[in-house]
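Examining the three-dimensional arrangement
Take a look at the letters that make up each chain.
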Amino acid sequence: MKVEKMNKDRAEEMKKLISPSLLTHPHFMFYCPAKSKRADFIDDFLSYYLFNWADKGQLYVSPNVKIMASIVGKKKFEYKFSGKNSFKLKMNKNASRIFVQRKNVDHITRIIVPDKIDARVLTLYGKASGAEDDLRSLICEIESIAKKEGFAVVYETFSRRLIEFMESMGFEIAYQKPFLGTQFYQTLMIYNVKMK
């Protein structure tokens, strides 16, 4: 379900449901290597991005709000924090790692998806284990929108956990390599890439 509006109460409810699973989410392990500081980093991240993505129509949640997705156009990545709840991320020394990862994804997406094709990068947040129906419903919704609006979806992950599942949903592996000399293994998968 697309999140049209965000308010403080809804943001707090979503943070309560999603945050615990992000402590071991590979992206957040890269963003904030110090485990003791990761919960605060996640709180700052969600306090900013829940509003940012909702305002731009880029935020989706599964039916039971166990899994959240951002879907951002390949030419719409931002490399600065501005606006509502941005101050804490601006001051966080680890926050620049978000932009390192995004710049990398942006670069690879421009290679694997032809320039003429509109593409949006899908990132999943939450715990899919035990919530497969929730995840399937969320991916089906995004795929339906992609077909209707005519854009390709690029799923990016540092985990191999959902690769088989995403393949069963029609995604194909387009790129797999270690991420910038770290212990993380990056995969980008594509869906609905059709030349016009």
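Above this text is the structure in question.
Below is a summary of the structure that appears in this document.

Thresholds applied
- Every residue gets a number counted from 1 within its own chain, in the order that chain's sequence is written.
- Predicted model: local features are reported for residues with pLDDT of at least 70 only, side-chain atom pairs are reported and counted for 80 or more only, and whole-chain, interface and lining totals are derived from all residues.
- Note that water and hydrogens are dropped before the side-chain values are worked out from all heavy atoms of the structure.
- Helix numbering and strand numbering both begin at the N terminus, where a helix is a DSSP run of H or I of at least 4 residues and a strand a DSSP run of E of at least 2.
- A 1.4 Å probe rolled over the protein chains alone gives each residue an accessible area, and that area as a share of the maximum for its type sets the label: buried under 20%, exposed over 50%, partly exposed in between.
- Pairing of aromatic rings covers Phe, Tyr and the six-membered ring of Trp, with a centre-to-centre limit of 6.5 Å; geometry is then stacked below 30 degrees between planes, edge-to-face above 60, and tilted otherwise.
- Charge-over-ring placement is defined geometrically: NZ (Lys) or CZ (Arg) within 6 Å of the ring centre, and within 35 degrees of the ring normal.
- One side-chain nitrogen of Lys or Arg within 4 Å of one carboxyl oxygen of Asp or Glu is enough to make a salt bridge.
- Two strands make a pair as long as DSSP finds a minimum of two bridges between them.
- Structural elements are reduced to axes, namely lines fitted to C-alpha atoms, with helices fitted over the stretch in contact, and the angle between N-to-C directions of any two is expressed from 0 to 180 degrees.
- By definition, residues are in contact when any of their heavy atoms lie within 4.5 Å.
- We place a 1 Å grid over just the protein atoms. Points where a 1.4 Å probe fits but has no way out form a cavity, open points with protein on both sides within 12 Å along at least 5 of 7 lines form a pocket, and any residue with an atom within 4 Å of a point lines it.
- Grid points are joined across faces, edges and corners, and a volume is the space filled by probe spheres set on the points.
- Buried residues of nine kinds, namely Ala, Val, Leu, Ile, Met, Phe, Trp, Tyr and Cys, make up a nonpolar core once their side-chain atoms join them within 4.5 Å.

**Quick word on unusual backbone geometry**
At Val65, a residue that is not glycine, the phi angle is positive and equals roughly 55°. You can see Val65 is positioned in the loop between strand S1 (59–61) and strand S2 (67–73). Using a relative accessible area of 19% as the deciding quantity, one classes Val65 as buried. Here Leu180, not a glycine, exhibits a phi torsion of approximately 45°, which is positive. Residue position: Leu180 is located in the loop between strand S5 (172–178) and strand S6 (185–191).

**Some details on the packing of aromatic side chains**
Under the criterion given, the structure shown has 23 aromatic pairs. Seen in terms of ring centroids, Tyr31 and Phe45 are 6.0 Å apart; in terms of plane orientation they differ by 25°. Their pairing is stacked. With Tyr31 in helix H2 (residues 26–31) and Phe45 in helix H3 (residues 35–55), this residue pair connects regions lying 14 residues apart in the sequence. For the pair formed by Tyr31 and Phe45, the shared burial category is buried. The ring of Tyr79 is capped by Lys103, whose NZ or CZ atom sits 5.1 Å from the centre of that ring. Sitting over the ring of Tyr185, Arg160 keeps its end group 4.0 Å from the ring centre.

**Quick word on the pattern of salt bridges**
Going through the model one piece at a time under the given rule, you end up with seven salt bridges. Among the salt bridges present, the one from Glu12 reaches Lys15, with a minimum N-O distance of 3.0 Å. Placement of both Glu12 and Lys15 in helix H1 (residues 8–22) is noted, with a separation of three residues, approximately one turn of the helix. Lys15 gets classed as buried once you look at its relative accessible area, which sits at 6%. Across the pair Arg110 and Asp106 runs a salt bridge whose closest N-O atoms are separated by 2.8 Å. One end of the pair, Arg110, and the other, Asp106, are both in helix H5 (residues 96–112), four residues apart, so they sit about a helical turn from each other. On the basis of relative accessible area, Arg110 is assigned to the partly exposed category, the value being 40%. By relative accessible area, which is 8% here, Asp106 ends up buried. Where salt bridges share partners, they join Glu12, Lys15 and Asp43 into one cluster.

**Some thoughts on the sheet that holds strand S3 (residues 119–126)**
Taken in spatial order, the six strands of this open sheet run S1-S2-S3-S4-S6-S5, and their pairing is mixed. The open sheet has two edge strands with one neighbour each: S1 and S5. Going across the sheet, the axis of each strand differs from the next one's by a mean of 25°, ignoring polarity. Bridge count between S5 and S6: six bridges; the pairing is antiparallel. Across the sheet, Pro178 pairs through a bridge with Tyr185, a residue of S6. Strand contacts of helix H6 (residues 132–149): S1, S2, S3, strand S4 (152–157) and S6, with the helix running at about 20° to S2, the strand carrying the most contacts.

**Considerations on empty space enclosed by the protein**
Per the counting criterion, the structure on display carries one cavity of 30 Å³ or more. The volume enclosed by the largest cavity comes to roughly 100 Å³. Lining the largest cavity are Tyr31, Trp53, Ser70, Val72, Phe77, Gln101, Arg102, Val105, Val121, Thr123, Tyr125 and Glu156. Every element with two or more residues in the lining of the largest cavity is listed here: S2, H5 and S3.

**Side note on the nonpolar core**
What tends to happen in soluble globular proteins is that the nonpolar side chains get buried as a cluster. Among the nonpolar cores identified, the biggest contains 46 residues, and Met6, Phe45, Tyr49, Leu59 and Met68 are the most heavily contacted of them. Looking at this core, the element that brings in the most residues is H3, giving ten residues. What Phe45 contacts, discounting residues up to four positions off in sequence, is Phe28, Tyr31, Trp53, Leu89, Ile98, Arg102 and Tyr125.

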